Amino acid sequence: MYKLYIGNLSPSVTVEDLKQLFVERHLPVPDQILLKSGYAFVDFPDQNSAIRAIETLSGKVELHGKVIEVDYSVPKKLRSRKIQIRNIPPHLQWEVLDGLLAQYGTVENVEQVNTDTETAVVNVTYATKEEAKEATEKLTGHQFDDYSFKVSYIVDMDTAPPDQAPRARRGGRSSRDQGICQPGPSGDFGTSRSRQYDFPLRILVPTQFVGAIIGKEGLTIKNVTKQTQSKVDIHRKENAGAAEKPITIHSTPEGCSSACRMIQDIMQKEANETKMTDDITLKILAHNSLVGRLIGKEGRNLKKIEEETGTRITISPLQNLTICNPERTVTIKGDMEARCKAEAEVTKKLREAYENDIAARDQQANLIPGLNLNALGIFSSNLPMLPPAAGARGAVCPVVSSGYSPFLQQAQEQEVVYLFIPTQAVGALIGKKGQHIKQLAHFAGASIKIAPAEAPDVTERMVIITGTPEAQFKAQGRIYGKLKEENFYTAKEEVKLETHIKVPSTAAGRVIGKGGKTVNELQNLTSAEVIVPRDQTPDENDEVFVKISGHFFASQTAQRRIREIIQQVKQQEQKHQQGAAVSPHHSK
């Protein structure tokens, strides 16, 4: 339940007046309303309806001669680090929003709330209550493209007393972390899951077919769900007036495919009866972060699916993506049987990429303890931009190990990474008057510098990133994301960059291992290409380069593993030096 405060009420207002107001404004009518002198409290069943009530009523409705005020009811003791920002332009890019939020402090988490409003809503968690307070003061009324931000405190259960929010023992985890999901994008709590990932199939259908798919009194869609043992959500209210409507199918992979086939059968029958001349096509919605792996290197995956199924597959351009539209449309053309075969293969690739993201996210969480991965916006499993009723994908709990990590002790050490990006991407990374690279550095807490070009016609430029492991993860992740977002890699390429890190020359052999065993194992484990050039001359600090090439997750895992080897070598050298210093004393 979401409790709202209704203020500036006339003394003559009654409970019935408020209930009638909710009915008129198409808002849920609560069973109970706590009415006091001049104000009232009311519970709404979900965050979406609470936001609609605030947006519809606050400062806009006059009741008995007074304009009422509506906002979240948050006790002062629970006003801490969490705020909600509403009325965000739907076309606003995530990086611009992140840069704006970062001006007021360290942002631990940003999640989008799926609502019926045309504008976007996000819940933001800052590192401290002071930062949240400043953000609330500065962002309230902030103008962006004729949109005025609205900001409210929301309940921060981390500040609640023990009887409200159980605390973890030192070194342990709270009960909220032990299998109970935190609110997903819709604000609802997911059920406890044990590696059971709900990956729904989302398709677009022409609006004129929606009635036929639902059927009289819903009988047709009920038959689909019964025969395929699936849950089918038809989002009729989304994008009023749009030519197409999304449908979300929750089931096993086979159940999703069967339901999809039945829906296409219904559309084909309706098209025949209405003498529609256009061919039926299948449009699958795929999260942008998964599409690169669906396409494959040089388009091989997509080409293989086309050849094996006899279909033609196209993918919508990146330029169509916004804060409210993170999905790309995969259009499959061909006969019914061919489309169904292609759907199964496309969905299989997307599901594999999603599950790999979950595994990578969990692995990264273990490697850098305390890092809030949700705030980075680079994991498909956590990107808080799933459409309404898209299922539990956004509510899957990250599994963060509470065990020992070799990087816990070195988490504050500064690391230097040399990342190579296409020359033509430098301008986008810097941004207008250097704003983007400044925002990125602020968000990541890192120093980011672009080295001068060694020659006029170089195809790559070196980006020097200095910061803690967490800062490296954030900065590199955002740079990978920027290159994908700005389309510097073609639709048929996955973003893979080369990264150089320096290691002591004494550790280079350990990275390679006997007969190349260690480096081979490292490549097999991370899927990154790792090269230690053998003909290097150590620099003035007696260090040499290790080259790492791969997609973001692969590169990050390889970097962490190599840093671990370096740390082990340093520890062994320190022990050796201590032993050498002690031995003369013992020899007397």
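As the structure is a prediction and not an experimental result, all values here were calculated from the model.

## Quick notes on the state of the cysteines
For step 1, the next point in the chain: In this structure the tally under the stated criterion is zero disulfides.
For step 2, the next point in the chain: Looking at the unpaired Cys256, the closest cysteine sulfur is the one in Cys260, lying at 8.9 Å.
For step 3, the next point in the chain: A disulfide-free cysteine, Cys260 has its sulfur positioned 6.1 Å from the sulfur of Cys340, the nearest such atom.

## A closer look at the nonpolar core
For step 1, the next point in the chain: Core analysis: the largest hydrophobic core is formed by 42 residues, its most contacted members being Ile203, Ile213, Ile247, Ile249, Ile284 and Val346.
For step 2, the next point in the chain: When residues in this core are grouped by element, the largest group, eight residues, is from helix H7 (residues 253-273).
For step 3, the next point in the chain: Ignoring anything within four residues of it in the chain, the contact list for Ile213 reads Val205, Thr220, Ile221, Ile234, Ile247, Ile263, Ile266 and Met267.
For step 4, the next point in the chain: Counting residues in hydrophobic clusters, the runner-up holds 27 residues, among them Leu21, Phe44, Leu78 and Val113.

## Focus on the confidence of the model for the protein chain
Predicted coordinates in areas of low pLDDT are best not read in detail.
For step 1, the next point in the chain: In the predicted model, the protein chain carries a mean pLDDT of 79, and the fraction of residues at 70 or more is 79%.
For step 2, the next point in the chain: Ignoring residues within four places in sequence, the model shows residues 162-196, a span with pLDDT below 50, making 53 contacts including any to other chains.
For step 3, the next point in the chain: Note that residues 377-411 has pLDDT below 50 and, in this model, 108 contacts with residues that lie over four places away or in other chains.

## Some words on the packing of aromatic side chains
For step 1, the next point in the chain: For the coordinates displayed, the defined rule picks out eight aromatic pairs.
For step 2, the next point in the chain: Consider the rings of Phe22 and Phe44, whose centres lie 5.7 Å apart with planes at 75°: the pair is edge-to-face. Pair noted here: Phe22 is in helix H1 (residues 15-24) and Phe44 is in strand E3 (residues 40-44), with a separation of 22 residues, a long-range link.
For step 3, the next point in the chain: Residue classification places Phe44 among the buried residues on the basis of a relative accessible area of 1%.
For step 4, the next point in the chain: Aromatic ring contacts, followed pair by pair, group Tyr5, Tyr39 and Phe41 into a single cluster.
For step 5, the next point in the chain: Sitting over the ring of Phe443, Arg478 keeps its end group 4.3 Å from the ring centre.

## A closer look at the sheet that holds strand E2 (residues 33-35)
For step 1, the next point in the chain: Judged by pairing direction, the sheet is antiparallel, and its four strands sit side by side in the order E2-E3-E1-E6 without closing on themselves. A single partner strand is all that each edge strand has here, and the edge strands are E2 and strand E6 (69-72). When the angles between neighbouring strand axes are averaged without regard to direction, this sheet yields 25°.
For step 2, the next point in the chain: Sheet topology places E2 next to E3; three bridges connect them, and they run antiparallel. From the neighbouring strand, Leu34 faces E3, where its bridge partner is Phe41.
For step 3, the next point in the chain: Strand contacts of H1: strand E1 (2-7), E2 and E3, with the helix running at about 135° to E2, the strand carrying the most contacts.
For step 4, the next point in the chain: Strand contacts of helix H2 (residues 47-57): E1, E3 and E6, with the helix running at about 155° to E6, the strand carrying the most contacts.

## So, the sheet that holds strand E9 (residues 120-126)
For step 1, the next point in the chain: Sheet architecture is open: four strands sit in the order E8-E9-E7-E12, paired in antiparallel fashion. Where the open sheet ends on each side, the last strands, each with one partner, are strand E8 (107-113) and strand E12 (150-153). With direction set aside, neighbouring strand axes in the sheet form an average angle of 20°.
For step 2, the next point in the chain: Alignment of strand E7 (residues 82-88) against E12, held across four bridges, turns out to be antiparallel. Following the sheet pairing, Ile85 is matched in E12 by Val151.
For step 3, the next point in the chain: Strands E7, E8, E9 and E12 of the sheet are contacted by H2, whose axis makes an angle of about 60° with E7.
For step 4, the next point in the chain: With respect to the sheet, helix H4 (residues 129-139) is in contact with E7, E9 and E12, its orientation differing from that of E12 by roughly 150°.

Rules and cut-offs
The residue count restarts for each chain, going from 1 along the sequence in the order it is written. With the structure being a predicted model, the display of local features is reserved for residues of pLDDT at least 70 and the display and counting of side-chain atom pairs for 80 or more, all residues being used for whole-chain, interface and lining totals. Hydrogens and water are ignored here; the side-chain numbers use all heavy atoms of the structure. A pair of sulfur atoms, both from cysteines and within 2.5 Å, is called a disulfide here. Remark: nonpolar core denotes a set of buried residues (Ala, Val, Leu, Ile, Met, Phe, Trp, Tyr, Cys) joined through side-chain atoms within 4.5 Å. Each residue is placed in one exposure class: buried if its accessible area under a 1.4 Å probe, protein chains only, is under 20% of its type's maximum, exposed if it is over 50%, and partly exposed if it falls in between. Secondary structure elements follow DSSP: runs of H or I no shorter than four residues count as helices, runs of E no shorter than two count as strands, and numbering proceeds from the N terminus. Contacts are assigned to residue pairs that have any heavy atoms within 4.5 Å of one another. Within a predicted model, pLDDT stands for the predictor's per-residue confidence, ranging from 0 to 100. Side-chain rings of Phe, Tyr and Trp, where Trp is taken by its six-membered ring, are said to pair if the distance between their centres is within 6.5 Å; with planes under 30 degrees apart they count as stacked, over 60 as edge-to-face, and otherwise as tilted. In this analysis the charged atom, NZ for Lys or CZ for Arg, is taken to sit over a ring once it is within 6 Å of the ring centre and within 35 degrees of the ring normal. Strand pairing requires that DSSP identify at least two bridges connecting the strands. Throughout, an axis means a line fitted to C-alpha atoms (over the contacting stretch in the case of helices), and angles, computed between N-to-C directions, take values from 0 to 180 degrees.

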